[in-house]
Amino acid sequence: MLNLIIFGPPGAGKGTQAKLIAKEYGLTHLSSGNFLREEVVSNSELGQKIKKYQDEGILVPNELLTNLLKNIIKKKFNAQGFIFDGYPRSIQQTHILADILKENNLQLTGAINLKIGEEEALKRLLLRGKTSGRSDDNEKVIKNRFRVYHQETGPILEYYQEQKKLINIDGEKTIKQVATNIKEEIKKL
Ligand code: AP5
Ligand code: MG
């Protein structure tokens with residue numbers, strides 16, 4: 001069983017690589033951004049609340065998110081394992097995830113950190129914004145997402161480093177090269 005986390009700043013390629021890794025190893029891809037967006041599209045009361053946070057590029061509060069996550073994990077349980085994309089994103093969420101894994105008798109195998117500079121990430125997201133339809137793919141909100149990443153998400157790298165789970169990958173290479181480098185690291189786990 002392989003239970004992974006992939007993180008990195010907005011535009012680092014988390015979704016792109018998570019999809020490839022999930023396919024390669026038969027894992028369930030769990031993207032918090034995606035399931036939150038699905039809730040928004042459903043236009044439920046919860047979705048309407050979530051939308052305000054996503055539109056501004058700030059973190060959706062845990063009280064709106066944790067139950068959704070737990071339900072999705074239950075529904076999509078897969079004996080081969082998971083790859084979490086975009087979760088956890090704060091110190092508090094690392095503890096929530098640790099509890100969820102424990103409740104389900106699961107262990108984290110590794111945490112992949114895609115490293116990328118803001119200039120390259122901005123370029124990718126502005127390009128994607130032309131066709132993505134994502135309300136947060138515009139320069140103002142992208143800059144806010146970077147700020148939130150540095151303040152709230154960056155500090156959790158140390159947490160996984162201390163647990164010797166952190167795998168740093170250069171996210172500025174081509175999609176194919178990044179995927180190859182991740183696979184090389186997974187082989188060592
Ligand atoms: P989320 O959906 O997770 O967005 P994000 O973290 O800002 O990251 P992106 O999805 O934009 O980028 P990515 O790293 O997945 O890159 P991608 O592969 O798409 O979160 C959105 C919002 O939801 C948050 O702001 C928050 O409000 C809420 N949220 C989500 N999780 C939450 C949580 N845990 N707690 C609270 N709130 C939460 O690639 C980007 C582009 O670049 C694509 O066009 C791709 O084709 C291209 N690309 C990828 N790799 C390469 C490469 N190597 N070379 C060239 N182009 C590339
Ligand atoms: Mg993504």
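Residues numbered from 1 in each chain as written. Chains lettered and ligands numbered in written order. Predicted model: local features only at pLDDT ≥ 70, side-chain atom pairs only at ≥ 80, totals over all residues. Heavy atoms only, no water.

Remarks on the overall build of the protein chain
Applied cut-off: A run of H or I in DSSP counts as a helix once it spans at least four residues, and a run of E counts as a strand once it spans at least two, with each numbered from the N terminus. Each radius of gyration is computed over the set of C-alpha atoms, and the globule rule expresses the reference value as 2.2 Å times the number of residues to the power 0.38.
Each helix and strand in the protein chain was counted, giving nine helices and five strands. Listing the helices and strands of the protein chain from first to last along the sequence gives β-α-β-α-α-α-β-α-β-α-α-α-β-α. Its C-alpha atoms give the protein chain a radius of gyration of 16 Å, within 12% of the compact-globule value 16 Å for 189 residues. Dimensions of the protein chain along its principal axes, counting C-alpha atoms only, are 40 × 35 × 30 Å.

A short note on the environment of Gly-13
As a reminder, the rule being used: Burial classification: accessible surface area is computed with a 1.4 Å probe over protein chains only, and a residue below 20% of its type maximum counts as buried, one above 50% as exposed, and the rest as partly exposed. Whether two residues are in contact is decided by their heavy atoms, any of which lying within 4.5 Å being enough.
Note that Gly-13 resides in the loop between β1 (4–7) and α1 (14–25). Of the residues examined, Gly-13 reaches a relative accessible area of 17% and is grouped as buried. If near-sequence neighbours (up to four positions away) are discounted, Gly-13 is found in contact with Leu-114 and Arg-124.

Structural notes on the pattern of salt bridges
How we decide: Think of a salt bridge as a Lys or Arg side-chain nitrogen and an Asp or Glu carboxyl oxygen that are within 4 Å of each other.
This model, assessed by the stated rule, comprises 12 salt bridges. When the shortest N-O distance is used, the salt bridge between Asp-137 and Arg-128 registers 2.8 Å. Since its relative accessible area comes to 8%, Asp-137 is described here as buried. Residue Glu-139 is joined to Lys-143 by a salt bridge in which the shortest nitrogen-to-oxygen separation is 3.0 Å. Of this pair, Glu-139 and Lys-143 both sit in helix α7 (residues 139–153), four residues apart, which is roughly one turn of the helix. Because the salt bridges share partners, they merge into one network encompassing Arg-128, Arg-134, Asp-136, Asp-137 and Arg-145.

Some details on the site of ligand 1
Quick note on the threshold: If even one non-hydrogen atom of a residue comes within 4 Å of a molecule or strand, that residue is called near it. Polar contact is defined as a pair of N or O atoms within 3.5 Å, subject to the rule that within protein one atom must be able to donate a hydrogen and the other to accept it, and that residues adjacent in sequence are counted only when both atoms are side-chain atoms. All accessible areas in this document rest on Shrake-Rupley with a 1.4 Å probe, and a residue is counted as covered only by the protein chains that are shown. Buriedness of a pocket was judged along seven lines, with at least five required to meet protein on both sides within 12 Å; pockets are open sets of points on a 1 Å grid over the protein atoms alone, cavities are sets where a 1.4 Å probe fits but cannot get out, and lining residues have an atom within 4 Å of a point. Think of it this way: a molecule belongs to a cavity or pocket when more than half its atoms come within 2 Å of the grid points there. Any residue that is not Ala, Val, Leu, Ile, Met, Phe, Trp, Tyr, Cys, Pro, Asp, Glu, Lys or Arg is counted as polar, Gly included; the first ten are nonpolar and the last four charged.
In the vicinity of ligand 1 lie 33 residues, with Thr-16, Ile-58, Arg-89, Arg-128 and Arg-145 positioned nearest. Here an oxygen atom of ligand 1 sits 2.5 Å away from a polar atom, N or O, in the side chain of Thr-16. Across the complex, the protein chains shield 87% of the 1000 Å² of accessible surface that ligand 1 would expose by itself. Mapping ligand 1 onto the cavity grids shows that it belongs to the largest pocket. Counting only elements with at least two residues in the shell around ligand 1, the list comes to α1, α2 (32–41), α3 (45–56) and α6 (118–132). Residue classes in the shell around ligand 1 are distributed as 12 nonpolar, 12 polar and nine charged.

Digging into the packing of α2 against helix α4 (residues 62–75)
Going by this rule: In this analysis an axis means a line fitted to C-alpha atoms, helices contributing only their contacting stretch, and an angle means the value between N-to-C directions, from 0 to 180 degrees. What sets the label is the angle itself: under 35 degrees gives roughly parallel, over 145 gives roughly antiparallel, 65 to 115 gives roughly perpendicular, and the rest give oblique.
Two elements in contact, α2 and α4, have axes separated by 11 Å at closest approach and are oriented at 105 degrees. One finds that α2 runs roughly perpendicular with respect to α4. Residues Phe-35, Leu-36 and Glu-39 of α2 form the contact with α4, whose own contacting residues are Leu-65, Leu-68, Leu-69 and Ile-72. Considered class by class, the residues forming the contact of α2 with α4 number six nonpolar, no polar and one charged.

Overview of the sheet that holds β1
Selection criterion: Pairing between two strands requires that DSSP report at least two bridges joining them.
Spatial strand order, β2-β3-β1-β4-β5: five strands in an open sheet with parallel pairing. Where the open sheet ends on each side, the last strands, each with one partner, are β2 (28–31) and β5 (166–170). Strand after strand, the sheet turns through a mean of 20 degrees between neighbouring axes, direction not considered. Bridge count between β1 and strand β3 (residues 82–85): three bridges; the pairing is parallel. The partner of Ile-6 across the bridge, within β3, is Asp-85. Running at roughly 155 degrees to β5, helix α9 (residues 175–187) makes contact with β1, β4 (110–115) and β5 of the sheet.

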